[in-house]
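Observations on chain architecture
Here is what each chain is made of, one letter per residue.
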Amino acid sequence: LRWGLVPHWARDPEVGARTINARAETVAEKPAYRDAFRERRCLVLADGFYEWKKEGQGKIPTYIRLASGNPFAFAGLWESWNAPDGSNVLSCTIITTQPNEFMATIHNRMPVILPESSYSLWLESGEQDTRRLADLLAPYTSGEMQAYPVSPLVNNPKHDVPELIQPR
């Protein structure tokens, strides 16, 4: 799927550049996300993610993962957009929320990491009770996360090497 949600009603797929993250606080109301929130939820699998921690005048690339090292899933949304030429674009986004205590030392937002016990409710296609779904969009448990600085190579998307997640 293309990163950056392209709503089914969009005139141009470039709207996806502004919709790479959906805020948990407004996902049920914002026109770009509300239909997908009710009907097209997904899990975005990961084993970690990056944030840039402010230190002095600079920012330090930081890799965040579960302390267990296990993979996890972000709360995501997906959408199908029909282009004027008849082609179909599948796109997605993740949902972010307020940071937990651990993440607050690194960044002012964090992705919603869903506990495995909530996967089936999140993916239930008939579940449209947005209040019940919104309850899942909470910060993950601080004590189960870890972070460490990584190479500035991560600042260039052309780099795709194992060293990107090695502690610096």
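Summarised in this report is the structure supplied together with it. (Residues numbered from 1 in each chain as written. Predicted model: local features only at pLDDT ≥ 70, side-chain atom pairs only at ≥ 80, totals over all residues. Heavy atoms only, no water.)

**Observations regarding the nonpolar core**
The nonpolar side chains of a soluble globular protein tend to be buried, and buried together. The following threshold applies: The term nonpolar core refers to a set of buried residues drawn from Ala, Val, Leu, Ile, Met, Phe, Trp, Tyr and Cys, joined through side-chain atoms within 4.5 Å. Using a 1.4 Å probe on the protein chains alone, a residue whose accessible area is under 20% of its type maximum counts as buried, one over 50% counts as exposed, and one in between counts as partly exposed. Strands here are runs of E lasting at least two residues and helices are runs of H or I lasting at least four, both read from the DSSP assignment and numbered beginning at the N terminus. Whether two residues are in contact is decided by their heavy atoms: any pair within 4.5 Å suffices.
Val27, Leu77, Ile95, Trp122 and Leu137 are the most contacted members of the largest nonpolar core, which totals 20 residues. Breaking this core down by element, the ones donating at least two residues are α1 (34-39), β6 (72-82) and α3 (119-123). If we ignore the near neighbours within four places in the chain, the residues touching Trp122 are Phe37, Arg41, Cys42, Leu43, Ala75, Gly76, Leu77, Ile95, Leu114, Leu133, Leu136 and Leu137. Ranked by size, the runner-up nonpolar core spans 15 residues in total, among them Cys42, Ala46, Phe72 and Phe74.

**Some thoughts on the state of the cysteines**
Where we set the bar: Only a pair of cysteine sulfur atoms within 2.5 Å qualifies as a disulfide here.
Counting across every chain of the model gives 0 disulfides. Distance from the sulfur of Cys42, which forms no disulfide, to the nearest cysteine sulfur (Cys92) is 5.8 Å. A relative accessible area of 15% places Cys42 in the buried class.

**Points about the environment of Tyr50**
We count it as follows: Between N or O atoms, a polar contact is any pair within 3.5 Å; within protein, one atom must be a potential hydrogen donor and the other a potential acceptor, and residues adjacent in sequence are included only when both atoms are from side chains.
With respect to the element layout, Tyr50 can be found in strand β4 (residues 49-55). Under the relative-accessibility criterion, Tyr50 is labelled partly exposed at 24%. In this structure, the C-alpha to C-alpha distance between Tyr50 and Ala147, residues 97 residues apart in sequence, is 9.1 Å. Residue contacts for Tyr50: discarding those within four places in its chain leaves Thr62, Tyr63, Ile64, Val150, Val154, Leu164 and Ile165. In this structure the side chain of Tyr50 is engaged in a polar contact, spanning 3.3 Å, whose partner is the backbone oxygen of Leu164.

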